[in-house]
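Take a look at the letters that make up each chain.
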Amino acid sequence: MSEKIIYEGKSKIVCEGPDSGSYILRYKDTATAFDGKKKEEISGKGVLNSAISNLIFEYLMKNGIETHLIKVIDDTSAVVKKAEIVMVEVIVRNVAAGSFSKKYGVPEGTALKNITTEFSLKSDELGDPMINDSQITAIGIATADELSLMRAQALKINELLCALFSKMGIKLVDFKLEFGRTSGRIILCDEISPDSCRFWDSATNKKLDKDVFRRDLGDVLEGYREVLKRLENNA
Ligand code: TMP
């Protein structure tokens, strides 16, 4: 735990890596929502998200997706490729929920006739506003080629994750991805965990994700433990 901290985020810390091409990513127990306005320490969340995200990244890598993950070090840390994060979040939705339901008046749980993709600007101060392709390229956050690459990767990742999670009896409602630039390529970075996805039990629609924390619905880690248990048996 003695490496130099390069950046401390809300739920993870980026530290200096073992060489110039890598970082160490450490998961924290902090849970936040509403751009950090709601915040709580939840002992054990870091270990669970680290295990879940590493298993998902390893599954995606086995299936041809390039990610930042190099090596898991311990139960909350991994060595990852150094990458410059593209400052947009890529959100994929299979089922209406959350801000989509609220914004467009579509009840949560409504199946969508097609998969949707959208981008949000990564900025807590501005409340992560939704941003379109022409606005992103106009500001210079990413090029049109980078946007089409990220969108195509996100849809491929959705296909792979839907296949995996349906085997686990979990509906992948929606999720958020972040990508980074490294050696002239765009690769999947950050994490994929119940913090960044909506996971509903296929049989009961029980929420197994951070909405339990966002909406004060009970013991948030119960769902995270369930997701990990099912992943360990299927990934
Ligand atoms: P939303 O419905 O609130 O826009 O969330 C869509 C998905 O993105 C959901 O799976 C939760 C995830 N998400 C994040 O990972 N970080 C965020 O800051 C927000 C708002 C959502």
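For the structure itself, look to the data block above.
The residue numbering used here restarts from 1 in each chain and proceeds along that chain's sequence as written. In view of the model being predicted, local features appear only for residues whose pLDDT reaches at least 70, and side-chain atom pairs are presented and counted only at 80 or more, with totals across whole chains, interfaces and linings using the full set of residues. As a convention, hydrogens and water are excluded, and side-chain values are obtained from all of the structure's heavy atoms.

**Things to note about the overall build of the protein chain**
And step 1. Strands here are runs of E lasting at least two residues and helices are runs of H or I lasting at least four, both read from the DSSP assignment and numbered beginning at the N terminus. Tallying secondary structure elements over the protein chain gives 6 helices and 14 strands in all.
And step 2. Principal-axis analysis of the C-alpha atoms gives the protein chain an extent of 45 × 40 × 35 Å.
And step 3. Only the protein chains shown count as covering a residue, and every accessible area follows the Shrake-Rupley method with a 1.4 Å probe. On the protein chain, roughly 11100 Å² of surface is accessible, and the fraction owed to carbon and sulfur atoms is 53%.
And step 4. Neither His nor the chain termini are counted; the positive set is Lys and Arg, and the negative set is Asp and Glu. To locate a charge, the coordinates of NZ of Lys, CZ of Arg, CG of Asp or CD of Glu are taken. The average position of the 34 basic charges and that of the 36 acidic charges among the side chains of the protein chain differ by 3 Å.

**Things to note about the pattern of salt bridges**
And step 1. Just to be clear on terms, a salt bridge is a Lys or Arg side-chain nitrogen sitting within 4 Å of an Asp or Glu carboxyl oxygen. Using the criterion set out here, one finds 28 salt bridges in the structure.
And step 2. The salt bridge partner of K122 is E178, with a shortest N-O separation of 3.2 Å. In this pair, K122 sits in the loop between β10 (111-121) and β11 (130-131) while E178 sits in strand β12 (residues 170-182), placing the two residues 56 residues apart along the sequence.
And step 3. Classification of E178 by relative accessible area gives buried; the value is 5%.
And step 4. Linked by salt bridges that have partners in common, R93, E108, E118, D174, R198, K207, D211, R214 and R215 make up one network. Each residue gets one of three labels from its accessible area relative to the maximum for its type: buried under 20%, exposed over 50%, partly exposed in between, using a 1.4 Å probe on protein chains only.

**As for the site of the ligand**
And step 1. In the vicinity of the ligand there are 14 residues, among which R93, S99, D174, K176 and R198 approach most closely.
And step 2. For the ligand, the accessible surface in isolation is 450 Å², of which the surrounding protein chains cover 78%.
And step 3. Looking at the shell around the ligand, the elements that each hand over two or more residues are β9 (88-95), α2 (98-104), β12 and β14 (197-201).
And step 4. Counting residues per element, the shell around the ligand draws most heavily on β12, which supplies 3 residues.
And step 5. Any residue outside Ala, Val, Leu, Ile, Met, Phe, Trp, Tyr, Cys, Pro, Asp, Glu, Lys and Arg is labelled polar, Gly included; the first ten of those are nonpolar and the last four are charged. Here the residues of the shell around the ligand are counted per class, giving 4 nonpolar, 3 polar and 7 charged. The rule for a residue being near a molecule or strand is that one of its heavy atoms must lie within 4 Å of it.

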